[in-house]
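Descriptive structure summary
Below, each chain spelled out in residue letters.
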Amino acid sequence: MMSDLLRASSIGTPRVRLDGPDKVRGLAPYAYEHPVEDPLHLFPLCSTIALGRVTAIDATAALALDGVVRVITRENALRLADTEDGELAILQDDRIGFRGQYLGAVLADTPETARHAADLVVVTAEAAPHDADFRHDHPAVREPEGGGDDIDTGDLEAALAAAEIVVDQRYSTPLEHNNPMEPHTTIARWDGEQLTLWTSTQGVHPARQTLAPMLGIDPEQLRIISPHVGGGFGSKGLPHADMMLTALAAHAVPGRAVKHAVTRQHMFALTGYRPATSQRFRIGARADGTITAFGLEAVSSSSRTKEFPEVAIKPSRQMYAGEHRRITQRVLPLDIAVPSWMRAPGEAPGMVGLEIMMDELAEACGLDPIELRVRNEPERDPDTGMPFNRRRLIDCLHEGAARFGWAQRDPRPRARREGGWLIGTGVASATYPASRQPGSKARIRHEAGVYEVGIGAADLGTGTWTALTQVAADALEVDPDRIALRIGDTALPNATVAGGSTGLASWSAAVLAAADAFRREHGTAPPDGVEAIGEAAENPAEKQFAMHSYGAQFAQVRVQEQTGEIRLDRMLGVFSVGRIINPRTARSQLLGGMTMGVGMALHEKGELDPRFGHVVNHDLAEYHVPVNADIRSLEAHWLDEEDPQAGPLGARGIGEIGTVGAAAAIANAIHHATGARVRDLPVFGSDLLAR
């Protein structure tokens, strides 16, 4: 059965999204749109101080308002069975750990009434001195919980002292916020001891495993439904407090549904974000560019309420060779909102410092940036010593250079001008781990010539509906029109989270196993009503090879010499990601990732005022993201390949590698255009005029 995939008729074809027509016509229900009878609407009460305790909540005026049904606070909320998770254990005591924290909720007949009533609730709180100031030399910087997983081999200090060329610089990335088009939304309803959540999540089964024990119910008593998700970028990968608040509120009105859509402003504090990082690189090299000493000290911000480190050292552990290495990750807990996953956590900010540093090293050595990377290509994974599954970084760099026209580049900064604009080009490498999660299960049932394939997977707009249908069709050797896919429901077999670029690889392994079992048990002419279940096993190659995907990012920018205005003329990426299941959806994924990299480089920065612990630009009017006018040309290409170590499909994940390296390529292009080296993202025109 597995070898038949080599003769696939659907995999590899650019099929149009199966869910596209319904989404265009508004017929694909997102979480908030599921029809429920006579729902109540929730608006939260949130803290306006960064640290302290609640001393009183007076809801008298709110409860007197016509249409208000209930006000939920710590005084009347359900007691949770488990309060270890500081982010989710809300309304359990009087403590305030960050500005924006949930303190309660108003339930009313309409959203407008709920919001108005929330303004009438009087919350009295006692503030305590707080600390929301991120800096790398803060005395509270420490190892992450569970250890920093440091590397210390050889003698870094001696190697730096003996190096012919040394780069010693610090780079930083700011708070960044996911901001999917669909805000985090939940509808909750208790029917006796059974709870149903219609919610926007990247994993219905993982969310159930987290929430059910805290609520004191068995997982089977909690059903989560999420067939369509309007983007997530990691923010919907873990349950956040909005899900718990809606569940607690619905518990107070049994049998009645409660609807909660997190406002865009509240999302900046309540649904996760990328923490800030500081990265100090100390690199020693020979005159020919060969790295001999590699030092990295990374620090990321986090929250005292719940720790989440942005592990910026991850790409540096395996990208380039170097005998003497010291790599450390530290974290700074502050009185700020809880950070979480954002597309390519660790790798995306970690490659910013690493790849700008490599550009600086190339300049110091008088080498072309691509040649420097080639000279430092490791034979084995520097982190584990294992062989690589398929490391084709050099191929990506060379093909990208040919497509981009890199050979015509004058390496001198400020060498190219056109009508008052300085023009420059830059390059950066990209990498992301390639793995799949075991434990997903798929069920295939035959009825009237149609194969119903059920698995609790998620589609965030990434193309899961289409790609999994293609996989199932080829595995069963039938036309895709005979596949009826069902996803996004805990009533379906278990599926792992759509995160870490593991979703399709993990779920496909389960679908292939189910198809194999179905054909063994029922043949090619099955009767109606028969079914089979298959489970994704671990990939044994992950214990034998260093599994990664690679890419090369190229950018051309122009900078107005008098005003500092920055324009991105062109961006091109070439990626090594194994076999492509659907070229149409794959290209969309890679272009979307690269666009997020543009945001990292030129736009996105959460401006946190340490006096109040508050992100002041907490909406899309002031928190800028790139739009069509910001990117004149964007190209994504990939190497034609299959990776036998990745599994029977030969495919690796692509959801995040498009983001990695993109920001550094743009920053390097800005330096080439202007001669100004900006090491703190995002790069603004004012940064260039100040130099």
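Residues numbered from 1 in each chain as written. Predicted model: local features only at pLDDT ≥ 70, side-chain atom pairs only at ≥ 80, totals over all residues. Heavy atoms only, no water.

**Regarding the sheet that holds strand β17 (residues 421-433)**
Pairing between the strands of a sheet is mediated by backbone hydrogen bonds and can be parallel or antiparallel. We apply this condition: Strand pairing is assigned whenever DSSP identifies at least 2 bridges connecting the two strands. Helix numbers and strand numbers start at the N terminus; a helix is a DSSP run of H or I with at least 4 residues, a strand a run of E with at least 2. We call two residues in contact whenever any of their non-hydrogen atoms come within 4.5 Å of each other. Angles run from 0 to 180 degrees between N-to-C directions of axes, and those axes are lines fitted to C-alpha atoms, restricted for helices to the stretch in contact.
Taken in spatial order, the five strands line up as β16-β17-β22-β23-β26 in an open sheet, and their pairing is mixed. Only two strands of the sheet have a single neighbouring strand rather than two, namely β16 (417-418) and β26 (634-638). With five bridges connecting them, strand β23 (residues 566-576) and β26 associate as parallel partners. Considered in β26, the bridge of L572 is made with E635. Where helix α10 (residues 393-404) meets the sheet, its contacts fall on β17, β22 (548-560), β23 and β26, and the angle it forms with β22 comes to roughly 30°.

**Notes on the pattern of salt bridges**
Heads up, the condition is: By definition here, a salt bridge exists when the distance from a side-chain nitrogen of Lys or Arg to a carboxyl oxygen of Asp or Glu is within 4 Å.
Scanning the model with the defined rule gives 55 salt bridges in all. Each member of the salt-bridge network shares a partner with another, and the members are R392, D395, E641, D643 and R652.

**Description of helix α14 (residues 662-674)**
The condition is simple: The span you would expect from a helix comes to 1.5 Å times its residue count less one. When a residue's accessible area, from a 1.4 Å probe over protein chains only, is under 20% of the maximum for its type it is buried; when over 50% it is exposed; and in between it is partly exposed.
Here α14 spans 19 Å end to end across 13 residues, near enough to the 18 Å set by a 1.5 Å rise per residue. Taken across its 13 residues, α14 has 13 buried, putting it largely inside the fold. A positive backbone phi angle near 85° is found at G675, which sits one or two residues after α14.

**Thoughts on empty space enclosed by the protein**
Empty pockets left among the atoms are what a rolling probe the size of a water molecule brings to light. Operational definition: As defined here, a cavity is a set of points on a 1 Å grid over the protein atoms alone where a 1.4 Å probe fits but cannot get out. A pocket is an open set with protein on both sides within 12 Å along at least five of seven lines, and residues line them when an atom is within 4 Å of a point. Grid points are joined across faces, edges and corners, and a volume is the space filled by probe spheres set on the points. Three categories are distinguished: nonpolar for Ala, Val, Leu, Ile, Met, Phe, Trp, Tyr, Cys and Pro, charged for Asp, Glu, Lys and Arg, and polar for the others, with Gly belonging to the last.
Scanning the entire structure with this criterion turns up four cavities of 30 Å³ or more. Quantified by volume, the largest cavity comes out at close to 70 Å³. What lines the largest cavity is R436, A505, S508, A509, L512, A646, G647, P648, L649 and A651. Of the residues belonging to the lining of the largest cavity, the class tally is seven nonpolar, two polar and one charged. One number sums up the size of the second largest cavity: a volume of about 60 Å³. Lining the second largest cavity, in full, are A434, S435, R436, A505, N539, E542, M547, A646, A651, R652 and G653. For the lining of the second largest cavity, the residue count by class is five nonpolar, three polar and three charged.

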